[in-house]
Amino acid sequence: MSNQVKYVLQESEMPQQWYNIIPDLPAPPPPPLHPGTHQPVGPDDLAPLFPTALIMQEVSGDRHIAIPEPVLDVYRLWRPTPLYRARRLEKDLGTPAKIYYKYEGVSPAGSHKPNTAVPQAYYNAAEGVRKLTTETGAGQWGSSLAFACALFGIDLEVWMVRSSFDQKPYRKLLMETYGATVHPSPSDVTNAGRAILAQHPDSTGSLGIAISEAVEVAGSNADTRYALGSVLNHVLMHQTIIGEEALKQLAEAGDTPDVIVGCTGGGSNFGGLAFPFLREKMAGKMNPVIRAVEPAACPSFTRGTYAYDFGDTAGLTPLLKMHTLGHEFIPDPIHAGGLRYHGMSPLLSHIYELGLIEAVAKPQSECFAAGLRFARTEGIVPAPEPTHAVAACIEEALRCKETGEEKVILTALCGHGLLDLQAYGDYLHGQMEDLSLSDATIEEALRGLPAGV
Ligand SMILES: Cc1ncc(COP(=O)(O)O)c(C=O)c1O
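Computed from a prediction, not measured in an experiment: that's the story for all the values here.

A.B. asks: So what's going on with the overall build of the protein? Residues and values would help.
C.D. replies: Broken down by element type, the protein carries 19 helices and 15 strands. Computed over C-alpha atoms, the radius of gyration of the protein comes to 20 Å, within 12% of the 22 Å expected from 2.2 N^0.38 for 453 residues, which places it in the range of a compact globule. When the backbone C-alpha atoms are referred to their principal axes, the protein occupies close to 60 × 50 × 45 Å. Counting over 453 residues, the protein shows a buried share of 61%.

A.B. asks: Could you give me a rundown of the packing of aromatic side chains, with the residues and numbers involved?
C.D. replies: Each aromatic ring pair is summarised here by two numbers: the centre-to-centre distance and the angle between the ring planes. For the structure on display, the rule yields 13 aromatic pairs. The structure contains a cluster of three or more aromatic residues connected by ring pairs, namely Tyr-75, Trp-78, Phe-147 and Tyr-178. Over the ring of Tyr-19 we find Arg-279, and its NZ or CZ is 4.5 Å from the ring centre.

A.B. asks: Run through the site of the ligand, naming residues and quoting values.
C.D. replies: Taken together, 15 residues sit near the ligand, with Ser-230, Gly-265, Gly-267, Ser-268 and Asn-269 positioned nearest. In this structure, Ser-268 approaches the ligand through a side-chain N or O atom, which is 2.7 Å from an oxygen atom. A distance of 2.9 Å separates an oxygen atom of the ligand from a polar side-chain atom of Asn-269. Looking at the shell around the ligand residue by residue, the classes come out as three nonpolar, 10 polar and two charged.

A.B. asks: Can you lay out the nonpolar core for me, pointing to particular residues and giving the numbers?
C.D. replies: By size, the foremost hydrophobic cluster in this structure holds 34 residues, and its most contacted members are Trp-18, Tyr-75, Val-118, Leu-132, Leu-145 and Leu-156. Those elements that place two or more of their residues in this core are helix 3 (69-75), helix 5 (114-126), helix 6 (140-152) and strand 7 (155-161). Top contributing element to this core by residue count: helix 6, with six residues. Setting aside residues up to four positions removed in sequence, Leu-145 forms contacts with Ala-117, Leu-132, Thr-134, Leu-156 and Ala-227. Of all hydrophobic cores here, the second largest spans 33 residues; its members include Leu-247, Phe-270, Ile-290 and Ile-351.

A.B. asks: Quick rundown of helix 18 (residues 421-428)? Include the residues and the values.
C.D. replies: Among the residues of helix 18, those classed as buried are Ala-423, Tyr-424, Gly-425 and Asp-426. Two residues or fewer after helix 18 comes Gly-430, characterised by a positive phi angle close to 70 degrees.

A.B. asks: Can you lay out the side chain of Glu-157 for me, pointing to particular residues and giving the numbers?
C.D. replies: With respect to the helices and strands, Glu-157 occurs in strand 7. Judged by relative accessible area, Glu-157 falls into the buried class, the value being 13%. Reaching out from Glu-157, the side chain makes a polar contact with the side chain of Lys-131 at a distance of 2.7 Å. Looking at Glu-157, its side chain comes within polar contact range of the side chain of His-183, at 2.7 Å. Excluding residues within four positions of it along the chain, Glu-157 makes contact with Lys-131, Leu-132, Thr-133, Thr-134, Thr-181, His-183 and Val-217.

A.B. asks: I'd like to hear about the sheet that holds strand 6 (residues 131-136), residue by residue, with values.
C.D. replies: Taken in spatial order, the four strands line up as 8-7-6-9 in an open sheet, and their pairing is parallel. If you trace the sheet from one side to the other, it starts and ends with strand 8 (181-185) and strand 9 (224-226), each paired once. Recorded for the sheet is a direction-independent mean angle of 25 degrees between the axes of neighbouring strands. In the packing of helix 10 (residues 207-219) onto the sheet, the strands contacted are strand 6, strand 7, strand 8 and strand 9, and the crossing angle to strand 6 comes to about 170 degrees.

A.B. asks: I'd like a description of the sheet that holds strand 5 (residues 98-103), backed by residues and values.
C.D. replies: The mixed open sheet is built from seven strands, whose spatial order is 1-4-5-15-10-11-14. Across the chains shown, the open sheet's two edge strands, defined by having one partner strand only, are strand 1 (6-7) and strand 14 (358-362). With three bridges connecting them, strand 4 (residues 83-85) and strand 5 associate as antiparallel partners. When the sheet's bridge partners are listed, Tyr-84 is paired in strand 5 with Tyr-101. Contacts from helix 16 (residues 364-378) reach strand 4, strand 5, strand 14 and strand 15 (408-413) within the one sheet, and its direction differs from that of strand 14 by about 95 degrees.

A.B. asks: Hey, could you go over the pattern of salt bridges for me, with residue numbers and the actual values?
C.D. replies: Inspection of every chain in the model, using the stated rule, returns 25 salt bridges. Close ionic contact of Asp-420 with Arg-171 constitutes a salt bridge, the shortest N to O distance being 2.9 Å. Placement of Asp-420 in the loop between strand 15 and helix 18 and of Arg-171 in helix 8 (residues 169-177) is noted, with a sequence separation of 249 residues between them. Asp-420 sits in the buried class, given a relative accessible area of 1%. Beyond isolated ion pairs, a larger network of salt bridges with shared partners links Arg-291, Glu-358, Glu-396, Arg-399 and Lys-407.

Rules of the game
Residues numbered from 1 in each chain as written. Predicted model: local features only at pLDDT ≥ 70, side-chain atom pairs only at ≥ 80, totals over all residues. Heavy atoms only, no water. Helix = DSSP H or I, 4+ residues; strand = E, 2+ residues; numbered from the N terminus. Rg over C-alpha atoms; globule rule 2.2 N^0.38 Å. Buried < 20%, exposed > 50% of the residue type's maximum accessible area, 1.4 Å probe, protein only. Phe/Tyr/Trp six-rings, centres within 6.5 Å; stacked < 30°, edge-to-face > 60°. Lys NZ or Arg CZ within 6 Å of the ring centre and 35° of its normal. Near = heavy atom within 4 Å. Polar contact = N/O pair within 3.5 Å; in protein donor to acceptor, adjacent residues only side chain to side chain. Nonpolar A, V, L, I, M, F, W, Y, C, P; charged D, E, K, R; others polar. Core = buried A, V, L, I, M, F, W, Y, C linked by side-chain atoms within 4.5 Å. Contact = heavy atoms within 4.5 Å. Pairing = 2+ DSSP bridges. Axes fitted to C-alpha atoms, helices over the stretch in contact; angles between N-to-C directions. Salt bridge = Lys/Arg side-chain N within 4 Å of Asp/Glu carboxyl O.

Everything listed here is a matter of geometry and, on its own, says nothing about what the molecule does.
Here it is, written out as structure tokens:
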């Protein structure tokens, strides 16, 4: 009987293409709309924010897009990433299930986010862009883009959600180490930030507010563009390298997944892991249940509505058809800062509506309990975001213990938590609360949805 733990590909086996799931879906996702005309936005509407190559990827109907050689060259710093069989966790749970995790924490910034930060910086640099702006929740995306911008010689200005800015000072220092400038959000350097501070001087911020600030600055400076770390089609497509590698590694292990779980903030690590497997499922080659796991404090899939809404709080972006809690919804300052987004990727929302994936919500204390159990068996301290995925893996594995099923469970451990230890400290010292989210709060936020669309 094999006792193999790590499934490691050679650099020469690294996928050379990203996978675009859109042409394989039974129906195309609804297009983004211009907020004034309610007509589909065209490339010209997006040009002030994104380079042409990324706009073309956003609307591409090609099934595969070749990864440029300079991007592959940077990917080689940490890719292919290992697939682990969580044998010690399985033993601790006493489950007959097999748990596999694709570990993205080996990247320089410690998460999956460089998979898209590197191509985004590359395409901007190739089109002569001098500076990028962005938002960051927990700081994983901001530090990934700061790393990528350093490699391609671009300046970066980051708006970091206030609650994370206060909870995670080392992520700010990591961004600065790579050369970025970091503001807490809401900040007094943008109109959007000042408007929020005037109404809520103690605002803990949100990803929606930080996006407004970064978009405002990019939109008003000709040499500056904006980069988004999740939500958009091209971002999820860049992340499919996770699933493409995992497909090869699971085949090497001689298994096919019965259940795939992943945490969802804007949906990029989950989509990146799941889409290549969904392609195989739609082709009739396997039949995994694919389950998104979101925080109970920000439940866009499970308690939001499917509607056109702004991607940011101030209403500066196109309207996106997505599962949303309303762009005015400010989630409680939970520790999984990367999951505090009011909306969900429009592509994943569409796939959810098609019935191809399912979703559950988990409170953060259950997730940190799972994170501790994982750290104490597998050794890796998960970032707060993927503790949601770990909690769902454990739940499924314990179900298998009841039924005796030997299911194969696959997840993405999309980042390590070594710069999130304050959150573990709060949990260990009994200072973590699960605040309940009332229907009335959600209904109130949904009243702010744009009318007539
Ligand atoms: C480690 C980690 N996981 C997950 C997320 C959530 O984003 P996404 O749903 O796009 O993967 C973030 C976002 O910042 C993150 O930093």
